[in-house]
Amino acid sequence: MKIQSKKLEVWYGNKQALHAVDLAMQEHTITALIGPSGCGKSTYLRCLNRMNDTIEGVVVKGGLLLDGYDVYEPGVDVVALRRRVGMVFQKANPFPKSIFDNVAFGLRLGPRIPKTELDGRVEQALTRAALWEEVRDRLTGSALGLSGGQQQRLCIARALAVEPEVLLMDEPTSALDPIATAKIEELLHGLADRYTIVIVTHNMQQAARVSDQTAFFFMGQLIEVAPTDDLFTHPTVKKTEEYITGRFG
Amino acid sequence: MEGASTYVHPVTTRNPLTGGGVRRAREAAIRGAFTLAALVSVGVLVGIFAVLFLQARESFGGNEGIAQSTLTPEQRALFTDVEFAALPAVPPPAPSVGRDFLGGTNWNPTGATAYYGVLPMVVSTLMVTLCALALAAPLGIGAAAWLAYVAPPRAREVIKPIIEVLAAIPSVVLGFVGIVVVGPALAHGFGLQSGLSAANGALLLAVMALPTIVSITEDALTAVPRDYVQASLALGADRWQTLVRVVLPAAQSGVVAALMLGMGRAIGETMTVLMACGNATAMPGSIFDPVRTLTATIAIELGETDVGSRHFHMLFAVGLVLFCMTFAVNLASEIAMRKSGGSRA
Ligand SMILES: Nc1ncnc2c1ncn2[C@@H]1O[C@H](COP(=O)(O)OP(=O)(O)O)[C@@H](O)[C@H]1O
Ligand SMILES: [Mg+2]
């Protein structure tokens, strides 16, 4: 298993947001996390790269394994972890820098990379994010001049440039129009060959379209997890069925 | 807490995720540097307040309070003589005038031949101001970074207003502190005849600029969208890299504005430098020489000249030079802010 959580629990102060979540994800698969707003999807996602650490008062208990090693073990280098587990946010957040500098940002954090290699890796990342053709002539232009959908693909390229193993996406298309959304969904299929992807979505059609496995969260609990086709056609828990048939949420 | 975890961490070989000790040490060092900057800033500002308070308390002791004043006779003499020491009792008419104004190194409006060389004062002004900025900028930005990134929210809420209030220290009071405390300390520490020097003025102006720089820089740092910080951290940048590569560039115009406001206040500042710098009109050879700035020259001499005299008009020319310098500073800051607004490759 690429990722495995064992009785993972999260508190914000003394409010418990996740209850004993057991969830496993195979390498090079796409897992969708679904459930109504506030059920803990983002909280779970932020455990995987320890971005929860940046929130005051968060306590995480239980086990979370990446390639079998505990992510929360004392002494873990969070910075190194985040280079292996990339993240794309709900709202596209490119830096107010050029397109090139955005993609190169992560690459420049480590030891110096020769210019030709840097150029190559930026192009590669933009190509994988299906953005290269649109921006190849304006790499020095500001990233803020791109459309919303392009900005989000730029953020994907920026995350891919550091060659992570896992890519976390928190409702990456919720602010985008259907065409931009379709572009990103299409992109995801190709990315699964190289990366293990975890995507949070409140859009069940999207989960059904892009993922191999779907996990349904409700009130901080993992209610059901199954291969996507099974979960949407034969949910075994009543709550799941109510949710996917649109009876609440 | 029922249902709490019963999961036990597996006993494995060394977790390959652990490490990063060097980076952590570096971050701790930087954190320490910011904390130090904040401590020094607050310490200096509060210390000045304490000096004032202690000196003022003696005035309540009645007559013997003055007799027991901590001032040495020389220091006390300074209070009566400092502004007027450079002036002759009666300004004699100047029969002839030396040529050089901007390039001249001799300022002697009352000599047999009157010289109006303004260069020493330009150099003095630049020396005092730039040294002040060189001291205040790292300290102020460090303290602001501490407030914005390291300080617990509680401490921040208390310390930031304290620093801001200290922007209200009147300049004459700072000059007083310069004569009584900082100057003598400099003289003692560096074995100088008198501590009243460019260095003394620079230290005081740095203190004067500090609250402005800290407050505006901190505002600029906290105004940077959290999104940028999150994106940077998620890409594997540590907090230091995030500060230097993301937050400071995004806050650049605010930081430049903070420095320029601090510097603008320092260049135009009159009373503090007049009191603290020793007011020698000769070209300074080092930071420890007494100097007289453009502002101090105007303040000292204007009241003693005849309206309409050559000397009188020369002081206006000095004022024009001063104005050109402040204008240049403002222009430079404007350009810097414009530049940072656009995008670069
Ligand atoms: N920073 C935070 N501080 C306190 N509570 C939080 C914070 N973030 C999320 N929560 C709480 O944790 C629960 C789960 O939130 P979240 O993971 O954001 O849900 P989702 O992403 O499924 O909408 C919610 O009840 C939310 O109010
Ligand atoms: Mg969420």
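The structure this text deals with has already been given above.
1. Focus on the pairing of strand 3 (residues 30–34) of chain A
Residue and element names in this part refer to chain A.
Alright, step 1. Counting buried residues in strand 3 gives five out of five residues, a clear majority hidden from the surface.
Alright, step 2. Every second residue of strand 3 is oriented toward a common face, with Ile 30, Ala 32 and Ile 34 on one face and Thr 31 and Leu 33 on the other, all of them buried.
Alright, step 3. Here strand 3 pairs with strand 8 (residues 196–200) via four bridges, running parallel. Bridge assignment links Ile 30 to a residue of strand 8, and that residue is Ile 197.
Alright, step 4. Sheet topology places strand 3 next to strand 9 (residues 213–218); four bridges connect them, and they run parallel. Residue pairing across strands places Ile 34 opposite Phe 216, the latter belonging to strand 9.

2. Considering the nonpolar core
Alright, step 1. Judged by nonpolar contacts, the single largest core of 93 residues is most densely connected at Leu 23, Leu 33, Tyr 44, Leu 48 and Phe 217 of chain A.
Alright, step 2. With 13 residues, helix 7 (residues 198–222) of chain B is the largest single contributor of residues to this core.
Alright, step 3. Here this core spans two domains, and each of domain 1 (20–58) and domain 3 (119–344) of chain B adds at least three residues to it.
Alright, step 4. Counting 48 residues, the second largest nonpolar core, distinct from the first, contains Val 103, Trp 132, Leu 146 and Ile 184 of chain A.

3. Notes on the pairing of strand 3 (residues 113–116) of chain B
All names here are of chain B.
Alright, step 1. Only one face of strand 3 is covered, namely the one carrying Ala 114 and Tyr 116; the face carrying Thr 113 and Tyr 115 has none of its residues buried.
Alright, step 2. Relative to strand 3, strand 2 (residues 107–108) runs antiparallel, the two sharing two bridges. Looking across to strand 3, one finds that Trp 107 is bridged to Tyr 116.
Alright, step 3. Counted between consecutive antiparallel strands, the loop separating strand 2 from strand 3 contains four residues.

4. Some points on the site of ligand 1
Residues and elements named next belong to chain A.
Alright, step 1. Around ligand 1 lies a shell formed by Tyr 12, Lys 15, Ala 17, Ser 37, Gly 38, Cys 39, Gly 40, Lys 41, Ser 42, Thr 43, Arg 46 and Ile 55.
Alright, step 2. Surface burial for ligand 1 is 65%, taken as the share of its 560 Å² of free accessible area covered by protein chains.
Alright, step 3. For the shell around ligand 1, a count of residues per class yields four nonpolar, five polar and three charged.

5. What to know about the packing of helix 4 (residues 119–150) of chain B against helix 7 of chain B
Alright, step 1. Orientation of helix 4 of chain B relative to helix 7 of chain B, taken along the N-to-C sense of each, is 35°, at an axis distance of 6 Å. As helix 4 of chain B packs across helix 7 of chain B, the resulting crossing turns out to be right-handed.

6. Considerations on a nonpolar patch on the surface
Residues and elements named next belong to chain B.
Alright, step 1. On the surface, Leu 320, Phe 323, Phe 327, Leu 331 and Ile 335 cluster together into a nonpolar patch covering about 520 Å² of accessible area.
Alright, step 2. Tracing the chain through its elements places Leu 320 in helix 13 (residues 310–341).
Alright, step 3. On the basis of relative accessibility, which here comes to 53%, the residue Leu 320 falls in the exposed class.

Conventions we followed
- Residues numbered from 1 in each chain as written.
- Chains lettered and ligands numbered in written order.
- Predicted model: local features only at pLDDT ≥ 70, side-chain atom pairs only at ≥ 80, totals over all residues.
- Heavy atoms only, no water.
- Buried < 20%, exposed > 50% of the residue type's maximum accessible area, 1.4 Å probe, protein only.
- Helix = DSSP H or I, 4+ residues; strand = E, 2+ residues; numbered from the N terminus.
- Pairing = 2+ DSSP bridges.
- Core = buried A, V, L, I, M, F, W, Y, C linked by side-chain atoms within 4.5 Å.
- Domains from an automatic or database assignment.
- Near = heavy atom within 4 Å.
- Areas by Shrake-Rupley, 256 points an atom, 1.4 Å probe, with all protein chains shown as cover.
- Nonpolar A, V, L, I, M, F, W, Y, C, P; charged D, E, K, R; others polar.
- Axes fitted to C-alpha atoms, helices over the stretch in contact; angles between N-to-C directions.
- Left-handed = near helix turned anticlockwise from the far one by under 90°.
- Patch = residues over 30% accessible without salt bridge, like charges linked within 9 Å, V, L, I, M, F, W, Y side chains within 5 Å.
- Salt bridge = Lys/Arg side-chain N within 4 Å of Asp/Glu carboxyl O.

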